[in-house]
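What follows is the residue order along each chain.
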Amino acid sequence: MFRNTTPDSKVAAPGQPDTTSGDRRRSVLHDGITIEGNWSSEGIVEFGGKIVGDLTVETLVLTKDGQVVGNVHARNVTIEGILTGTIEATSVSLLSTAAVEADIVTQDLSIAHGASVNGALKVTGS
């Protein structure tokens, strides 16, 4: 599931060019989209709508308008919006507008000033 990446892969911030994606697929779903059910993708998913269900993706970028109610399994996760559930990822970045109510298990965690986090954190390191 996690092909064409290296351990040091980083996702570009929303609105910034992603120079690391190579030939990986990119899905962009913005506000107004609602998904009920589980969703999987082998590429980068930039999500600004609402999903009620589990996400299994290589890279998730949840924009400030995005909302996830469910469990996220990914290599890289960047959150600006709202997430309620759990996160299991290699790298998690919570930006200043993030509102997260989730248990998080990750190797690398970044929390920006202003982010709201409620849940258990397990940061294992590399």
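Residues numbered from 1 in each chain as written. Predicted model: local features only at pLDDT ≥ 70, side-chain atom pairs only at ≥ 80, totals over all residues. Heavy atoms only, no water.

### Some remarks on the pairing of strand β7 (residues 82-94)
Stage number 1. Relative to β7, strand β6 (residues 67-79) is paired through 12 bridges, and the arrangement is parallel. Its bridge partner lying in β7, V72 is registered against I87.
Stage number 2. Where β7 meets strand β8 (residues 99-111), 12 bridges bridge the pair, whose relative direction is parallel. Among the inter-strand pairings, E88 is bridged to a residue of β8, identified as V105. (Pairing = 2+ DSSP bridges. Helix = DSSP H or I, 4+ residues; strand = E, 2+ residues; numbered from the N terminus.)

### Observations concerning a nonpolar patch on the surface
Stage number 1. A grouping of I111, L121 and V123 is seen on the molecular surface, where their side chains present a nonpolar patch of about 250 Å² in accessible area.
Stage number 2. Within the element layout of this structure, I111 appears in strand β8. (Patch = residues over 30% accessible without salt bridge, like charges linked within 9 Å, V, L, I, M, F, W, Y side chains within 5 Å. Areas by Shrake-Rupley, 256 points an atom, 1.4 Å probe, with all protein chains shown as cover. Salt bridge = Lys/Arg side-chain N within 4 Å of Asp/Glu carboxyl O.)

### Notes on the nonpolar core
Stage number 1. Grouped together as the largest cluster of nonpolar side chains are 23 residues, with contacts concentrated most on V77, I79, L83, I87 and V100.
Stage number 2. Counting residues per element, the ones that place at least two in this core are β3 (39-47), β5 (55-62), β6, β7 and β8.
Stage number 3. If we skip the residues at most four places from it in the chain, V100 touches I79, L83, I87, L94, S116, V117 and N118. (Core = buried A, V, L, I, M, F, W, Y, C linked by side-chain atoms within 4.5 Å. Buried < 20%, exposed > 50% of the residue type's maximum accessible area, 1.4 Å probe, protein only. Contact = heavy atoms within 4.5 Å.)

### Concerning the confidence of the model for the chain
Stage number 1. Residues with a pLDDT of 70 or more make up 81% of the chain, whose mean pLDDT is 85.
Stage number 2. Highest mean pLDDT in the chain belongs to β7 (98); lowest belongs to strand β1 (residues 26-29) (78).
Stage number 3. A low-confidence stretch, residues 1-11 (pLDDT under 50), is modelled with 25 contacts involving residues beyond four sequence positions or located in other chains.
Stage number 4. Across residues 13-21 the pLDDT falls below 50, and counting only partners more than four positions away or on other chains, this stretch makes nine contacts in the model. (pLDDT = per-residue confidence, 0-100.)

### Topic: the side chain of S91
Stage number 1. Along the chain, S91 falls in strand β7.
Stage number 2. S91 gets classed as buried once you look at its relative accessible area, which sits at 13%.
Stage number 3. Among the polar contacts listed, one links the side chain of S91 to the side chain of D108, at a separation of 3.5 Å. (Polar contact = N/O pair within 3.5 Å; in protein donor to acceptor, adjacent residues only side chain to side chain.)

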